[in-house]
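# Residue-level structural notes
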Amino acid sequence: MYYLRTVASTAPGSFGPVPPRRGHRVTSRDIAREAGVSQPTVSRALRGDPRVAPATAALVQTTANRLGYVPDAAAQTLITRRTGTVAIVVADITNPFYPELVEALHDELGRAVYRTVLLNERTDARGVDTLMRAGAVDGAIVATATLDDRTRTLLTGERAPIVQLVREVDGVDRDAVVSDNHGGAVLAADLLVSLGHRRIGLISGPADTSTARDRDAGFEAALDRQGVRLDPELRRRGEYAHHTGHQCCQELLDQPEPPTAIFCGNDVIALGALDAARRRRVVVPGELSLVGFDDISLAGWESFRLTTVRQPLAEMAHAAVRALVRRIEGDDGPPRRTVFRTELIQRATTGPPQR
């Protein structure tokens, strides 16, 4: 238990605060009285609610600090029936994409005064069901949505707030925050064709994900629009993993007429393909151009300098957290789908074909 330190009484007629009774725990009502605002405004300001004016939020925080306010998590849970905890569900924490996403989400949730529980779908596929049914979390941000019945059951069966991030399932009543995967793949195709490539390979992600579906569709549509045929012999598919790119790139290079360029479903696949090309002493980008998707931090490292399509993870995380907080606070409006623009980042793995 934390108590406010005893302070000297102010002289009659002074404007200093009247100290609380000895042993009295400072509450949000104390802060409201001292700051001259309502108690709900204090609660929203301390949660980082963006609806509170910045000047008011600063006044509330300053007053809380001066009074020595410490939130009582147990009391808040009993009063509000909320835990102040949100689950983040990812597919594979060993994939470099997910730590970057989790870090952005953790920072945003911290600013909204929420704790986080991280669930790895590979090792705890039913964890989010258990936590939400037990009331242990106020909601979840799910970045693992697949187009199968299992994910659809979770998204439609749980009454607690859930926001889909990065991936989505069509036709479910849940908010979704995604990037323009179709448009991003069009950017990649247009780049490769503009460089002179006509024999182009495609290494896709899992067929049961919206990201792979939309990126494949955008890439094929862009090639078709420019009269470039995507040879079925140059198509491969696998997990969003390094080994997928490494294995599939070797298979494509073994073709009687190998591709001069490959579009990869994400950066991790592309880095695997780059390793395979280097192992085979294939010159990148002279003999083989490579394009990824995501623009994870590794993509920009000097050792890789990968050309890729950027999706703005920090902005997407911010939007997902705001959407979830709105739902937790009672917003029962129709589901919102927020789509962020993608951007082509041209580095050192693309160039005109030599042959």
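To start, this report covers the structure provided alongside it. In this text the structure is predicted, and so the values were computed from the model without any measurement.

### As for the side chain of Thr 342
Positionally, Thr 342 belongs in the loop between strand S11 (337-340) and strand S12 (343-345). The buried category is assigned to Thr 342, whose relative accessible area is 13%. A polar side-chain atom of Thr 342 sits 3.4 Å from the main-chain carbonyl oxygen of Asp 180. A distance of 3.3 Å separates a polar side-chain atom of Thr 342 from the backbone nitrogen of Gly 184. Leave out the neighbours within four places in its chain, and Thr 342 touches Ser 179, Asp 180, Gly 183, Gly 184, Leu 187, Phe 293, Val 309, Arg 310 and Gln 311.

### What to know about the pairing of strand S6 (residues 200-204)
On any regular strand, side chains alternate: one points to one face of the sheet, the next to the other face. Counting buried residues along S6, five of its five residues qualify, which places the element largely inside the surrounding structure. Neither face of S6 is open: one carries Ile 200, Leu 202 and Ser 204, the other Gly 201 and Ile 203, and all of them are buried. As defined by bridge partners, S6 adjoins strand S8 (residues 261-264) across four bridges and the pair is classed as parallel. Among the inter-strand pairings, Ile 203 is bridged to a residue of S8, identified as Cys 264. Where S6 and strand S7 (residues 235-237) come together, three bridges link them in parallel fashion. Note on S7: the bridge partner recorded for Ser 204 is Arg 237. Taking the sense of rotation as the criterion, the β-α-β connection linking S6, helix H9 (residues 210-225) and S7 turns out right-handed.

### Here we look at the sheet that holds strand S2 (residues 115-120)
Reading across the sheet, the six strands line up as S2-S1-S3-S4-S5-S11 and stay open at both edges, with parallel pairing between neighbours. Two strands close off the open sheet at either side, each with one partner strand: S2 and S11. Within this sheet the neighbouring strands show an average axis-to-axis angle of 15 degrees, counted without direction. In the sheet, strand S1 (residues 85-90) pairs with S2 via six bridges, with the strands oriented parallel. In the sheet register, Thr 85 faces S2, and the bridge partner there is Arg 115. Sheet strands touched by helix H5 (residues 97-111): S1, S2, strand S3 (139-142) and strand S4 (162-165). Its angle to S1, the strand with the most contacts, is close to 165 degrees.

### Digging into the packing of helix H1 (residues 28-35) against helix H2 (residues 39-46)
Put simply, H1 and H2 touch, their axes get as near as 8 Å, and they point 105 degrees apart. When the axis of H1 is compared with that of H2, the two are roughly perpendicular. Across the interface between the two elements, Ser 28, Arg 29, Ile 31 and Ala 32 from H1 touch Gln 39, Val 42, Ser 43 and Leu 46 from H2.

### Focus on the packing of aromatic side chains
Summed over all chains, the structure comprises two aromatic pairs. Plain terms: the ring middles of Phe 97 and Tyr 98 are 5.2 Å apart, the flat faces sit at 85 degrees to each other, and that makes the pair edge-to-face. The same class applies to Phe 97 as to Tyr 98, namely buried. Between Phe 219 and Phe 263 the ring centres are 4.7 Å apart and the planes differ by 25 degrees, which places this aromatic pair in the stacked class. In this pair, Phe 219 is assigned in helix H9 and Phe 263 in strand S8, connecting sequence segments 44 residues apart.

### A closer look at the environment of Leu 344
For Leu 344, the position within the fold is in strand S12. Counting along the chain gives 158 residues from Leu 344 to Val 186, while the straight-line C-alpha distance between them is 9.8 Å. Beyond its immediate chain neighbours, meaning those up to four positions away, Leu 344 contacts Leu 187, Leu 191, Thr 307, Thr 308 and Val 309.

### A word on the sheet that holds S7
Taken in spatial order, the four strands line up as S7-S6-S8-S9 in an open sheet, and their pairing is parallel. One side of each edge strand has no neighbouring strand; the edge strands of this open sheet are S7 and strand S9 (289-291). Ignoring which end each strand starts from, the neighbouring axes of this sheet average 15 degrees apart. Packed on one face of the sheet, helix H11 (residues 267-279) meets S6, S8 and S9 and runs near 160 degrees to S9.

Reading the values: the criteria
Residues numbered from 1 in each chain as written. Predicted model: local features only at pLDDT ≥ 70, side-chain atom pairs only at ≥ 80, totals over all residues. Heavy atoms only, no water. Helix = DSSP H or I, 4+ residues; strand = E, 2+ residues; numbered from the N terminus. Buried < 20%, exposed > 50% of the residue type's maximum accessible area, 1.4 Å probe, protein only. Polar contact = N/O pair within 3.5 Å; in protein donor to acceptor, adjacent residues only side chain to side chain. Contact = heavy atoms within 4.5 Å. Pairing = 2+ DSSP bridges. Right-handed = clockwise from strand over helix to strand, strands pointing away. Axes fitted to C-alpha atoms, helices over the stretch in contact; angles between N-to-C directions. Parallel < 35°, antiparallel > 145°, perpendicular 65-115°, else oblique. Phe/Tyr/Trp six-rings, centres within 6.5 Å; stacked < 30°, edge-to-face > 60°.

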